[in-house]
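Report on the structure
The primary structure of each chain is shown beneath.
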Amino acid sequence: MKTACIMGSGVEYPIGKIVCLARNYVDHIKELGNETPAQPVLFMKPATAVIGSGEEIRIPTYSRECHYEVELALLVGKGGKDIPEESALDHLAGYGVALDMTLRDVQNELKKKGLPWEIAKGFDTSCPLSGFVPADVVADPQNLRLRLEINGELRQDGATDLMINPVSRIIAHISSLFTLEPGDVILTGTPSGVGPVASGDRLRAELVGLATLDVSVK
Ligand code: MG
């Protein structure tokens with residue numbers, strides 16, 4: 001079973017569902033030529049997609065274009081349904097960094113046909129995930145920085161104050177649709193700078209000053 005750990009505490013949560021936002025940063029919407037959605041666009045990854053630091057991303061044979069997307073990850077500590085924005089942050093156990101690995105060629109075909117994205121987004125190893133810092137360490141989740149380096153070269157450098165939907169609204173919205181439970185993980189969308197990975201690449205994702213994640217591509 002895949003677990004999420006709170007760093008420094010020994011507390012581990014079995015990972016439940018992983019709910020992800022697409023198109024939550026204006027600069028990334030522009031780079032892919034998408035429209036800004038009226039409502040948050042959601043999809044899910046299965047818990048089996050998770051890998052941790054030191055593990056390898058394995059690109060499925062049905063894709064020729066696998067992209068990285070660095071994202072702020074939220075770990076739910078207290079469940080709920082129809083959680084109000086005002087108390088939403090109280091439901092978090094921790095903050096971490098994730099990679100939403102995406103088979104862009106497969107996703108583009110699915111988009112064209114109006115089909116669900118799961119096979120482009122939820123394949124095994126598609127969700128590298130760091131450990132989580134306790135939620136009380138983060139005073140303001142809209143004042144965090146995300147970075148991604150590939151082979152030592154900076155590719156993404158984004159600030160969470162550029163999110164269209166802030167963390168509290170994301171939790172409120174998701175919990176209006178799906179009951180949240182302890183161990184659920186939320187990925188909050190990627191800033192600009194996404195691009196392809198190749199075999200042998202080493203990826204280092206950072207929630208700056210708080211958490212790091214190191215994985216490589218098989
Ligand atoms: Mg994403």
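Details of the structure are given in the entry above.
This write-up is about the structure you can find in this document. Model, not experiment: these values are computed from the prediction. (Residues numbered from 1 in each chain as written. Predicted model: local features only at pLDDT ≥ 70, side-chain atom pairs only at ≥ 80, totals over all residues. Heavy atoms only, no water.)

Points about the side chain of His67
Within the secondary structure, His67 sits in strand S7 (residues 66–68). A polar contact of 3.2 Å, which involves the side chain of His67, links it to the side chain of Glu65. The contact partners of His67, leaving out residues within four places of it in the chain, are Asp100, Met101, Thr102, Arg104, Val194, Gly195 and Pro196. (Helix = DSSP H or I, 4+ residues; strand = E, 2+ residues; numbered from the N terminus. Polar contact = N/O pair within 3.5 Å; in protein donor to acceptor, adjacent residues only side chain to side chain. Contact = heavy atoms within 4.5 Å.)

Observations regarding the pattern of salt bridges
Between side chains of opposite charge, a pair can form when the charged atoms approach closely. Taken as a whole and assessed by the stated rule, the structure comprises 12 salt bridges. For Glu56, the salt bridge goes to Arg58, with nearest N and O atoms at 3.6 Å. Residue classification places Glu56 among the partly exposed positions, given a relative accessible area of 32%. The exposure class of Arg58 is partly exposed, given its relative accessible area of 46%. For Lys121, the salt bridge is made with Glu69, and the minimal N-O distance between the two is 3.6 Å. Of the two residues, Lys121 sits in helix H3 (residues 118–121) while Glu69 sits in the loop between S7 and strand S8 (70–76), which places them 52 residues apart along the sequence. Residue classification places Lys121 among the buried residues on the basis of a relative accessible area of 3%. The buried category is assigned to Glu69, whose relative accessible area is 4%. (Salt bridge = Lys/Arg side-chain N within 4 Å of Asp/Glu carboxyl O. Buried < 20%, exposed > 50% of the residue type's maximum accessible area, 1.4 Å probe, protein only.)

What to know about empty space enclosed by the protein
It is a probe the size of a water molecule, rolled over the atoms, that shows where empty space is left. In this structure the tally under the stated criterion is one cavity of 30 Å³ or more. In this structure, the largest cavity occupies an estimated 110 Å³ of space. Residue lining of the largest cavity: 17 residues in total, with Ala22, Arg23, His28, Glu69 and Lys121 positioned closest to the centre. Among the secondary structure elements, those contributing two or more residues to the lining of the largest cavity are strand S3 (18–22), helix H1 (26–32) and helix H2 (104–113). With three residues, H2 is the single largest residue contributor to the lining of the largest cavity. Split by residue class, the lining of the largest cavity holds five nonpolar, five polar and seven charged. (1 Å grid on protein atoms, 1.4 Å probe; cavity = no way out; pocket = protein on both sides within 12 Å on 5 of 7 lines; lining within 4 Å. Points joined across faces, edges and corners; volume = space filled by probe spheres on them. Nonpolar A, V, L, I, M, F, W, Y, C, P; charged D, E, K, R; others polar.)

Quick notes on the sheet that holds strand S17 (residues 202–207)
Across a sheet, strands are paired by hydrogen bonds formed along the backbone, either parallel or antiparallel in direction. Spatial strand order, S6-S18-S17-S13-S14: five strands in an open sheet with mixed pairing. What marks the edges here is a single partner per strand, and that holds for strand S6 (56–57) and strand S14 (153–159). Judged from the six bridges that link them, S17 and strand S18 (residues 211–217) form a sheet pairing that is antiparallel. In the strand pairing of S18, Leu207 is matched with Ala211. (Pairing = 2+ DSSP bridges.)

Read these as layout, nothing more, since geometry by itself doesn't imply function.
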